[in-house]
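# Remarks on the overall topology
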Amino acid sequence: MADLPLGRLRHRAALLRPHETPDGTGGVVRAFAPAGHLWCSLDGVTAGSDEREHADRRDLAARFRAEMRWRGDVDGTCRFAIGGRSFAVLSAVDPDGRRRRLVCMLQEVMP
């Protein structure tokens with residue numbers, strides 16, 4: 001796909017960056033704050049191939065693929081908020097090296 005059709009970019013996402021504050025015991029408390037908005041596509045890739053432990057039970061983690069116009073400020077520390085859902089960025093790749101598109105693999109973060 002050379003260019004992204006504008007009709008595919010139908011999800012408005014808030015780009016969230018981590019903000020860390022000291023907790024007083026040598027650690028940090030991490031919260032995410034909005035750092036801008038973008039339009040992207042969002043497609044489910046897997047629904048249940050990744051298992052993770054959550055409160056002594058197995059949880060299935062769904063992965064998604066998001067595609068957007070290229071931007072250089074998205075990395076693995078970021079999250080996207082789309083509607084009432086939150087997604088951790090697992091990877092952000094410029095597929096053809098031309099700085100036109102950015103493809104991100106996401107994993108939904110459960111509250």
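Keep in mind that this is a model prediction, so the values were computed, not measured. (Residues numbered from 1 in each chain as written. Predicted model: local features only at pLDDT ≥ 70, side-chain atom pairs only at ≥ 80, totals over all residues. Heavy atoms only, no water.)

### Concerning the overall build of the chain
The helix and strand tally for the chain stands at zero helices and six strands. Tracing the chain from N to C terminus, the helices and strands come up as β-β-β-β-β-β. Sorting the 111 residues of the chain into buried and exposed places 28% on the buried side. Surface accessibility of the chain: about 6900 Å² in total, with carbon and sulfur atoms responsible for 51%. (Helix = DSSP H or I, 4+ residues; strand = E, 2+ residues; numbered from the N terminus. Buried < 20%, exposed > 50% of the residue type's maximum accessible area, 1.4 Å probe, protein only. Areas by Shrake-Rupley, 256 points an atom, 1.4 Å probe, with all protein chains shown as cover.)

### Digging into the pairing of strand β6 (residues 101-109)
Each regular strand shows side chains that alternate between the opposite faces of the sheet. Burial analysis of β6 places seven of its nine residues in the buried class, the great majority of the element. Pairing between strand β5 (residues 85-93) and β6: seven bridges, direction antiparallel. When the sheet's bridge partners are listed, Ala-92 is paired in β6 with Cys-104. (Pairing = 2+ DSSP bridges.)

### What about the pattern of salt bridges?
Tallied over the entire structure, the rule returns eight salt bridges. We note a salt bridge from Glu-20 to Arg-30, for which the minimum N-O separation is 2.5 Å. Separated by ten residues along the polypeptide, Glu-20 in strand β1 (residues 11-22) and Arg-30 in strand β2 (residues 28-54) bring together distant segments of the chain. Note that Glu-67 is salt-bridged to Arg-101, the shortest N-O span being 2.5 Å. (Salt bridge = Lys/Arg side-chain N within 4 Å of Asp/Glu carboxyl O.)

### What to know about the nonpolar core
Of all hydrophobic cores here, the largest spans 17 residues; its most connected members are Met-68, Phe-80 and Leu-106. Breaking this core down by element, the ones donating at least two residues are β1, β2, β3 (57-69), β4 (79-82), β5 and β6. (Core = buried A, V, L, I, M, F, W, Y, C linked by side-chain atoms within 4.5 Å.)

### Focus on the state of the cysteines
Enumeration over the complete set of coordinates arrives at zero disulfides. Left unpaired, Cys-40 is separated from the closest cysteine sulfur, that of Cys-104, by 8.4 Å. Using a relative accessible area of 0% as the deciding quantity, one classes Cys-40 as buried. (Disulfide = S-S within 2.5 Å.)

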